[in-house]
Amino acid sequence: EPHSDWREAQLLPSSRARDVEFFSIDGVAHLAIANMYEGDDPCYGDVWCVNKRSTDPLHAEEARRPYHINSTIFRHDGTKFQVHQEIPTRGAMDMEHFVISGRHFLCISNSFENVLSSSETTSDIYVWDAGAMDGTGQFVMHQAIKTHGARMAKHFLKDGRHMLIIANNFDGDGARFLTQPAMYRWTGALFLFVGAVPAVGVSGMDVTTRHGTQYLAVASRYNGSNFNMDSKVLRFADAIAWHGAVTYSDNFAPSAYFPTRTISASSSVSNAFSQINVTLQADRALPALERVTIGGLDGFQTASGTLPLTGPDAALFSHMFSWDRARHSAIFTLAVPFPPGGVNISFMLRNPITLHAALRPWVSGGGPVAILPMTMHGVLSGVTEIALPAWNVVDASQSVSVRGAPDNTITLALEAAVAIPPGARILVANLIGARSNAQHIMLSGPDAGRFTSTNARFKHSVAWNGANLSFTAAVAAEGIEAFTFFSLSLNISNTYTSEGVLPVVSVVWANGTVVIPAVASNSPLFSFADTPRFTVALLQDSHTTLLAQNQFTFRIRPNVPLMVGARVSITGLAGSSNKDSVVNFQGEHKHRFMYYLGFFASAEQTLTMTVGAKCKTSCLDGSCLEQAAPCIFPFTFSRFPYWQCTSSGGAARPWCATSTAFAGVLSPTAPHWGHCECEPSIPSDEDTTITFTLFNSATSRVGFAAPKVSASAFVTIPSTPLLSPSGGVAQVLGAAGAMKALVLTAGGAASTPPLAGWGS
């Protein structure tokens, strides 16, 4: 049955309320109440009354306090209105809700600040943030506009442009009640002042349209001397100005802006890489070299620099952008003009390591076209989830991809989401394809000092378990902080059979308790693309004279390093008249071979040489003085020469001398010696060249020898034909002509007659 009267449905808390505004957001009813004043006062909040009663600065706080109260946003829960949000206001007189491009705004007209500057304050424009308050949304500050005793605000459209008028009523420091309302135009980001309305003492306004013409009605209350004053109806003429007002011209183009400006992120997990997706569309053409800045990206850890840009339109920005971590902003420079249809781009940033509030980034433009900063549509959720104990980075790499290489440097690049405590063990397992005869393998690289060993002689090393094909690295006393990038590098031998394995990395205590669960590497180790071989194998002799000393130049480069003790053999040296004998080596790399010599076996027509030692000292445990000093070979100890490291003298591990001044004393305080750390003597990244001499045959030979080279021990390199410098098969040890003597005659040229007839 219809009722002709209104009945009370609900009581809402308020204090000297001056305005109420109904509106709906996403189908949910909301109600805003403007609370002006709190408490009992005979002036009822009248600014002029308060100023007359007390202008003493000591009373300012007392006078200001009642006006600085919250106004309230209520939200309907389906049954009744509930308090949803409190907004700080200062003598609030009016609430004006309006929508621009689907975004909800609320303009609050504040009328009072304090006693001495009574009405000079700001009226505040809030925008609805749908992602705030756990997704239920709330209004957040968007713009503060300086006003004077504002009584109300009015939003309207003129020629498709969003306009806002705020009714200034009183200026305590200047015009008093002769203050005029101010008109503002929306730029796409902010409201900008465009003129004043020719009216004073305004306490109410409304806009209407009749027969295509817009009118503004203003209610005037008091002009400083008269309450009985006329109110006005003003006509907006020719889309240029209010009659009698300060005008803005149609020739003034609205500021450029991005009507479409959305942003989203793929991850809200701490320290995870998050893909930031951006869609932008400008309201006009933007030329090349325009700079688009997205700011407000607080908390992201990625270091400043030039970063890759992806997405369908990344090419417009040359597939890159500039990230400034200190300013929390990303800058994109157009390489070509901005297309009318807008752009879609993506880039990666690393999330903060701790919980982080949601972000509302902003976007602006600079360069040829200025675009004021404006809030983007969409919310980056920040960090809502802390990563569990886990690896962020597990990558493996190797220096040698040759089967059976005796000296392969493997490196594990690691980063954990939690701190790794001192004494914990990093366990690297599933190393199928690795070989080592040592129980402790020394670490190398910049992070070796992060680890220690239970054996003081191997201070920075890992413990190798040949049975399980794994090693453990004990974390030193400093520990490793969360989100710290570090690496483990060590030398180990390859097998001949592995086709590549993914190492599995975890962190455990000595008793096996897991700190960080095992994770497989993103990339494999011991994947072999090649077999051991010589990439350079050259041999050249000097002449073909019978019984002459023939000087040979021998040059090799293996694709795997050769360690001390490896044997290199040149076979097929048919035609030499040498008996079984020692052959001395000369040349710049003779020291790479033991004793600087080889052994020629006449029956086998083979020259065999042994790779020498290349070592330096390791004294990290304090057992010697000379840390990282090169070993000298040979050195003398107890009257015997040594061409490689030795354990003589009762040493616990191999050692060498570092100077000819070594006195033969193996004490921790004695100089010129140290324990050995050896590396390949014949490298795989440069040539090794020596010279040696063999005697040619005593009889003429029809053909030439075509020798080969091979290597054995530790790594096997099959026989490889030796080539000449010109690229053909080497042909050596030919014997075609006899030796001749050099004859000098007065005034004549030198000649070499046969030995059988010296001449006169």
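Source: prediction; values computed, not measured.

1. A short note on the overall build of the chain
Piece 1. What the chain contains, in helices and strands, is 2 helices and 50 strands.
Piece 2. Buried residues in the chain amount to 49% of all 760 residues.
Piece 3. Counting only contacts in the chain whose residues sit at least 6 apart along the sequence, the fraction spanning at least 24 positions is 62%.
Piece 4. With the model as given, the accessible surface of the chain reaches about 35400 Å², and the carbon-plus-sulfur share is 54%.

2. Considerations on empty space enclosed by the protein
Piece 1. Inspection of the entire model under this criterion finds 2 cavities of 30 Å³ or more.
Piece 2. Put simply, the largest cavity is a space of about 60 Å³.
Piece 3. In terms of lining, the largest cavity is formed by A265, S267, S274, D298, F300, N351, P352, H356, L359, L380, G382 and V383.
Piece 4. Broken down by class, the residue content of the lining of the largest cavity amounts to 6 nonpolar, 5 polar and 1 charged.
Piece 5. Put simply, the second largest cavity is a space of about 50 Å³.
Piece 6. The wall of the second largest cavity is formed by I100, S101, R103, W186, G188, Y257, P259 and R261.

3. With respect to the pairing of strand 34 (residues 486–494)
Piece 1. Within strand 34, 8 of the 9 residues are buried, which leaves it mostly tucked inside the rest of the structure.
Piece 2. Pairing between strand 27 (residues 408–416) and strand 34: 7 bridges, direction antiparallel. Paired with I410 across the bridge in strand 34 is L490.
Piece 3. Of the pairings in the sheet, the one linking strand 29 (residues 434–435) to strand 34 comprises 2 bridges and is antiparallel in character. In the sheet register, R435 faces strand 34, and the bridge partner there is S493.

4. Concerning the sheet that holds strand 24 (residues 362–366)
Piece 1. The 6 strands are arranged 20-21-22-19-24-25 in an open sheet whose pairing can be described as antiparallel. Strand pairing shows two members of the sheet lacking a second neighbour, strand 20 (305–308) and strand 25 (371–375), which therefore form its edges. Strand-to-strand twist across the sheet, computed as the mean angle between neighbouring axes with direction ignored, equals 25°.
Piece 2. In this structure, strand 19 (residues 291–295) lies alongside strand 24, joined through 5 bridges in antiparallel fashion. If you follow V292 over to strand 24, its bridge partner there is G365.

5. Focus: the side chain of S487
Piece 1. Assignment of secondary structure puts S487 in strand 34.
Piece 2. Apart from residues lying up to four places away in sequence, S487 is in contact with T411, L412, A413, D447 and F451.

6. Description of the sheet that holds strand 3 (residues 68–76)
Piece 1. Read across the open sheet, the 4 strands follow the order 1-2-3-4; overall the sheet is antiparallel. Two strands bound the open sheet, and with one partner strand each, they are strand 1 (17–25) and strand 4 (81–90). Each adjacent strand pair in this sheet contributes to an overall mean axis angle of 20°, direction not counted.
Piece 2. Looking at chain direction, strand 1 and strand 2 (residues 28–35) are connected through 8 bridges and run antiparallel. Residue pairing for strand 2: S24 is matched across the bridge by A29.

7. Focus: the state of the cysteines
Piece 1. Summed over all chains, the structure comprises 4 disulfides.
Piece 2. Here C615 is linked by a disulfide to C678, with a sulfur-sulfur distance of 2.0 Å. An S-S torsion of about 95° defines the bridge between C615 and C678 as right-handed. Linking C615 in strand 43 (residues 615–618) with C678 in strand 47 (residues 673–678), this pair joins segments that are 63 residues apart in sequence.

8. Thoughts on the layout of surface pockets
Piece 1. Each pocket or cavity is described by its volume, and for the largest pocket that value is around 1600 Å³.
Piece 2. For the largest pocket, the lining is made up of 44 residues, of which D407, M563, E677, C678 and E679 are closest to its centre.
Piece 3. The dominant element in the lining of the largest pocket, judged by the number of residues it contributes, is strand 30 (residues 440–444), at 5 residues.
Piece 4. Grouping the amino acids of the lining of the largest pocket by side-chain chemistry returns 22 nonpolar, 13 polar and 9 charged.
Piece 5. Computed from the structure, the second largest pocket encloses a volume of approximately 260 Å³.
Piece 6. Lining of the second largest pocket is provided by 16 residues; of these, H591, A613, K614, C615 and F633 occupy positions nearest its centre.
Piece 7. Listing elements by their share of the lining of the second largest pocket, those giving two or more residues are strand 41 (593–601) and strand 43.
Piece 8. Ranked by residues supplied to the lining of the second largest pocket, first place goes to strand 41 with 3 residues.
Piece 9. Looking at the lining of the second largest pocket residue by residue, the class counts come to 9 nonpolar, 3 polar and 4 charged.

9. Comments concerning the pairing of strand 42 (residues 606–611)
Piece 1. Pairing geometry for strand 39 (residues 567–571) and strand 42, over 4 bridges, is antiparallel. Across the sheet, the residue bridging to S569 is T608, located in strand 42.
Piece 2. Of the strand pairs in this sheet, strand 41 and strand 42 are connected by 5 bridges, and their pairing is antiparallel. Note that in strand 42 the partner of F600 across the bridge is L607.
Piece 3. Here strand 41 folds back onto strand 42, and the loop between the two strands holds 4 residues, one of which, Q605, carries a positive phi near 55°.

Thresholds applied
- Residues take numbers from 1 onward in each chain, read along the sequence in its written order.
- At least 70 in pLDDT is required for a residue's local features to be given in this predicted model, at least 80 for side-chain atom pairs to be given and counted, and no such filter applies to totals for whole chains, interfaces and linings, which use all residues.
- Side-chain measures here rest on the full set of heavy atoms in the structure, leaving out hydrogens and waters.
- The helix count covers DSSP runs of H or I at least four residues long, the strand count covers runs of E at least two residues long, and both are numbered beginning at the N terminus.
- Only protein chains enter the area calculation, which uses a 1.4 Å probe; residues under 20% of their type maximum are buried, those over 50% are exposed, and those in between are partly exposed.
- We call two residues contacting when some pair of their heavy atoms lies within 4.5 Å.
- A 1.4 Å probe and the Shrake-Rupley method give the accessible areas. Residues count as covered only by the protein chains that appear here.
- Of the grid points, spaced at 1 Å and generated over the protein atoms alone, those admitting a 1.4 Å probe that cannot get out make up cavities, while open sets with protein on both sides within 12 Å along at least five of seven lines make up pockets; any residue with an atom within 4 Å of a point is treated as lining.
- Grid points are joined across faces, edges and corners, and a volume is the space filled by probe spheres set on the points.
- Residues are grouped as follows: nonpolar covers Ala, Val, Leu, Ile, Met, Phe, Trp, Tyr, Cys and Pro; charged covers Asp, Glu, Lys and Arg; every other residue, Gly included, is treated as polar.
- We treat two strands as partners when DSSP finds at least two bridges between them.
- Axis definition: a line fitted to C-alpha atoms, limited for helices to the stretch in contact. Angles are taken between N-to-C directions and run from 0 to 180 degrees.
- For the purposes of this analysis, a disulfide is any pair of cysteine sulfur atoms at a distance within 2.5 Å.

What is shown is where atoms sit, not what they do.
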